[in-house]
Amino acid sequence: MVTQVQIIEWLQVFASVIRHHKEELTELDAAIGDADHGINMDRGLKKVSNILPSVEGKDISSIFKTVSMALISSVGGASGPLYGTWFLRASSATAGKQELTATDLSEVLKAGLNGMTERGKAQLGDKTMVDVLSPAVVAFEQAANEGKDTVAALRIAVTAAEQGLQATIPMIAKKGRASYLGDRSIGHQDPGGTSAYWMLRSLFEVLEG
Ligand code: ADP
Ligand code: MG
Ligand code: MG
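Residues numbered from 1 in each chain as written. Chains lettered and ligands numbered in written order. Predicted model: local features only at pLDDT ≥ 70, side-chain atom pairs only at ≥ 80, totals over all residues.

Focus: the UniProt feature "domain: DhaL" (unreviewed entry) in the chain
Sequence positions flagged by UniProt for "domain: DhaL" (unreviewed entry) are, in local numbering, residues 5–205. Between the end C-alpha atoms of residues 5–205 there is a gap of 14 Å, over a span that is 69% helix and 1% strand. (UniProt positions renumbered as here; feature names shortened; annotations may be inferred. Helix = DSSP H or I, 4+ residues; strand = E, 2+ residues; numbered from the N terminus.)

The following block contains the structure:
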């Protein structure tokens, strides 16, 4: 079970990991975008971090809703609405819940990804965060269906996300600013995919304890 307290802890850890990787994310975006992904994400997660004390004790759905609004209103860029949509769908998938089973978490990951792809229209192989989140969702669901507990399933999902992230390096960007570069986007790791990897990795680290 993932508790409401662990969800808040996850989001605080995610915020701190993004703060620590702000320069790295910005450098990745400097290579194929406009050098603001670290700044965008850090601004948004700072706002999330500041707002989290106000949702202590609330159900998971309300927490995700609050996070979504904070991200949409502060991140800007392409990634703001995409992460905002991820958390909005995660909120819808968790109505009234104070804790999540592995199956619930699988639904959250699926709903978040579906929202993101509906919003951004990115397909697998377009060199976006979808290339990181999608293999993780598939791996998590399969592991959960095989009866693995949440931590074990998430460990597998994070490995899949890491492989997905590495796989963005040789891809040609088809969405967002990086797509303006065409072939010149080859050889660079996707910034949004990198922050998405940290999002999942932070959750794993919190649950692993
Ligand atoms: P911007 O490109 O507006 O400056 P950011 O730098 O914050 O926004 O985010 C860039 C990241 O957003 C990319 O690395 C990519 O992963 C992601 N991204 C861009 N467009 C899309 C899309 N249509 N679908 C999914 N992800 C996208
Ligand atoms: Mg950018
Ligand atoms: Mg920008």
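So, helix α3 (residues 37–51)
Taking 1.5 Å of rise per residue, 15 residues should cover 21 Å, and α3 covers 21 Å from first to last C-alpha, within 8% of that figure. Regarding α3, the residues found buried are H37, G38, N40, M41, D42, G44, L45 and V48. Buried residues belonging to α3 abut α1 (4–20), α2 (22–32), α4 (60–74), α5 (79–92) and α9 (191–208). (Expected span 1.5 Å × (residues − 1). Buried ≥ 20, exposed ≤ 12 C-beta atoms within 10 Å, placed from the backbone. Contact = placed C-beta atoms within 7 Å.)

Focus on the nonpolar core
By size, the foremost hydrophobic cluster in this structure holds 62 residues, and its most contacted members are A136, F140, A157, A161 and L200. In this view, A136 contacts L109, A157, V158, A160, A161, G164 and L200; residues no more than four positions away in its chain are not counted. (Core = buried A, V, L, I, M, F, W, Y, C linked by C-beta atoms within 7 Å.)

Remarks on the site of ligand 1
Among the 23 residues in the neighbourhood of ligand 1, the closest are listed as G77, G120, T128, G176 and G192. Of all the elements in the fold, those that place two or more residues in the shell around ligand 1 are α3, α5 and α9. By residue number, the principal contributor to the shell around ligand 1 is α9, which donates 3 residues. A per-class count over the shell around ligand 1 returns 6 nonpolar, 10 polar and 7 charged. (Near = placed C-beta within 6 Å. Nonpolar A, V, L, I, M, F, W, Y, C, P; charged D, E, K, R; others polar.)

Quick look at the packing of α3 against α4
Geometrically, a packed helix pair is captured by the angle between its two axes and the distance between the axes. One way to put it is that α3 packs onto α4 with a least axis distance of 8 Å and a crossing angle of 145°. Remark: the crossing between α3 and α4 carries right-handed chirality. The residues of α4 that touch α3, namely those facing R43, G44, K47, V48 and I51, are T66, V67, A70, L71 and S74. Its residues assigned to classes, the contact of α3 with α4 comprises 5 nonpolar, 3 polar and 2 charged. (Axes fitted to C-alpha atoms, helices over the stretch in contact; angles between N-to-C directions. Left-handed = near helix turned anticlockwise from the far one by under 90°.)

Remarks on the packing of α4 against α5
Contact geometry of α4 with α5 gives a least axis separation of 8 Å together with a crossing angle of 165°. Considered as vectors, α4 and α5 are oriented roughly antiparallel to each other. Of the two possible hands of crossing, α4 and α5 adopt the one that is left-handed. On α5, the residues that touch S61, F64, K65, V67, S68, L71 and I72 of α4 are G80, P81, Y83, G84, F87, L88, A90 and S91. Residues of the contact of α4 with α5, tallied by class, amount to 9 nonpolar, 5 polar and 1 charged. (Parallel < 35°, antiparallel > 145°, perpendicular 65-115°, else oblique.)

Notes on the environment of Y180
In this structure, Y180 sits in the loop between α8 (150–167) and α9. The spacing of Y180 and K97 is 83 residues in sequence and 42 Å in space, taken between C-alpha atoms.

Considerations on helix α6 (residues 102–120)
One turn of the α-helix equals 3.6 residues, which is why residues spaced by three or four share an orientation. An ideal rise of 1.5 Å per residue puts 27 Å on 19 residues; α6 measures up with 27 Å between its terminal C-alpha atoms. For α6, every residue scored as buried is listed here: A102, L105, S106, V108, L109, A111, G112, L113, G115, M116 and G120. Looking at the buried residues of α6, the elements they touch are β1 (2–3), α5, β2 (99–100), α7 (130–145) and α8. Phi turns positive one or two residues past the end of α6, at K121, with a value near 60°.

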